Amino acid sequence: RANEWGYPDLDSNQDEPFPKWGGLCDNGRKQSPINLHVKGALKGEFGPLKFENYDEHQKNLRMVNNGHSIQLSGFDHELTLSGGALLHDYVVEQIHMHWWSEHTINDIRYPLEVHIVHRNTIYPNMTMAAGFKDGIVVIGVLYHVSNTPNEAIGSIIKSLDAVKSYGSMNKPALVADSLAVDDLVPSVANYFTYAGSLTTPTCAEAVTWIVLTNTFPVTLDQVNEFKEIEYEEGKRLHNNYRELQSENNRAVVLVEQ
Ligand code: 1SD
Ligand code: ZN
């Protein structure tokens, strides 16, 4: 295959097992994603999370089909996340999605999960940040099936045609609609937080996960648009989630405002 790692095609008739990504992945005890359950979670009380510039409309946002997902980057302003239990400032590096959610809540898998990937500003780049346990914060937003199209996801889909084909892989296209990152994180009220990893190789255990308990509406037609993107000539990326990992007695904290 064109990529050195990938996902099993769950839409195919073959019973493909989830790959272990062999030597490409950290095999530690703090891997992601995991199932999050409201009942088993510890209760945490922290100050509010602070979002700076998330409401700014981005004019130069680019979208790329990297063969594993659709990724957005090129923010006009520095978007800074701080507060809560975070001890540093984190800036948004990129946003991407997984169709079929990676995290499950109370054993339910949702059709879509958006990841807003942040880097700790004390590290100069993502490679460095991935080497430290406080290096990265990912906000995970889950979407549930609805009859009402999601406007923000709709804005992304409008520009999807330019990047769907294998031939356009890794070639960025401008997101035509004006989109603010806020539109993808409608309101941060309650969330789960735990220490985990990247869900793709290198699977570095550098991530503080913040997964919102609120889910947001999206239509199945909208989710199906993402399943059209190619990772090889004629091969569509029908799903791109990693299978659940062991919790290994980690503290999963539920923060309710
Ligand atoms: O899947 C992404 C991957 O594409 C890359 O963005 C990485 C950060 O460098 O993060 C993972 S994830 O853990 O956010 N799914
Ligand atoms: Zn992700």
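Draft legend 1. Fine view of the sheet that holds strand 10 (residues 108-109). Strand order across the open sheet formed by three strands is 1-9-10, with mixed pairing between neighbours. The sheet is open, and its two edges are formed by strand 1 (35-36) and strand 10, each paired on a single side. Relative to strand 9 (residues 104-105), strand 1 is paired through two bridges, and the arrangement is parallel. Looking across to strand 9, one finds that Leu36 is bridged to Ile105.

Draft legend 2. Expanded view of the nonpolar core. Membership of the largest hydrophobic core comes to 51 residues, with the highest contact counts inside it found for Ile70, Ile95, Trp99, Leu112, Tyr143, Ile153 and Phe226. For this core, the elements supplying multiple residues, two or more each, are strand 6 (70-73), strand 8 (90-99), strand 11 (112-120), strand 12 (136-145), helix 2 (151-158), strand 16 (207-218), helix 3 (220-226) and strand 19 (253-255). In terms of residue count, strand 8 provides more of this core than any other element does, five residues in total. Among the nonpolar cores identified, the runner-up in size contains 21 residues, and Phe192, Tyr194, Ala206 and Val211 belong to it.

Draft legend 3. How the structure looks around the layout of surface pockets. The volume enclosed by the largest pocket comes to roughly 510 Å³. Around the largest pocket sit 22 residues that line it, and Gln71, Gln94, Leu198, Thr200 and Pro201 are the ones nearest its centre. Going through the elements one at a time, strand 8, strand 11, helix 1 (126-129) and strand 12 are the ones with two or more residues in the lining of the largest pocket. Top contributing element to the lining of the largest pocket by residue count: strand 8, with three residues. Volume-wise, the second largest pocket comes out at about 380 Å³.

Rules behind the numbers
- Residues numbered from 1 in each chain as written.
- Chains lettered and ligands numbered in written order.
- Predicted model: local features only at pLDDT ≥ 70, side-chain atom pairs only at ≥ 80, totals over all residues.
- Heavy atoms only, no water.
- Pairing = 2+ DSSP bridges.
- Helix = DSSP H or I, 4+ residues; strand = E, 2+ residues; numbered from the N terminus.
- Core = buried A, V, L, I, M, F, W, Y, C linked by side-chain atoms within 4.5 Å.
- Buried < 20%, exposed > 50% of the residue type's maximum accessible area, 1.4 Å probe, protein only.
- 1 Å grid on protein atoms, 1.4 Å probe; cavity = no way out; pocket = protein on both sides within 12 Å on 5 of 7 lines; lining within 4 Å.
- Points joined across faces, edges and corners; volume = space filled by probe spheres on them.

So, to be careful, I would describe these as geometric facts and stop short of saying anything about function.
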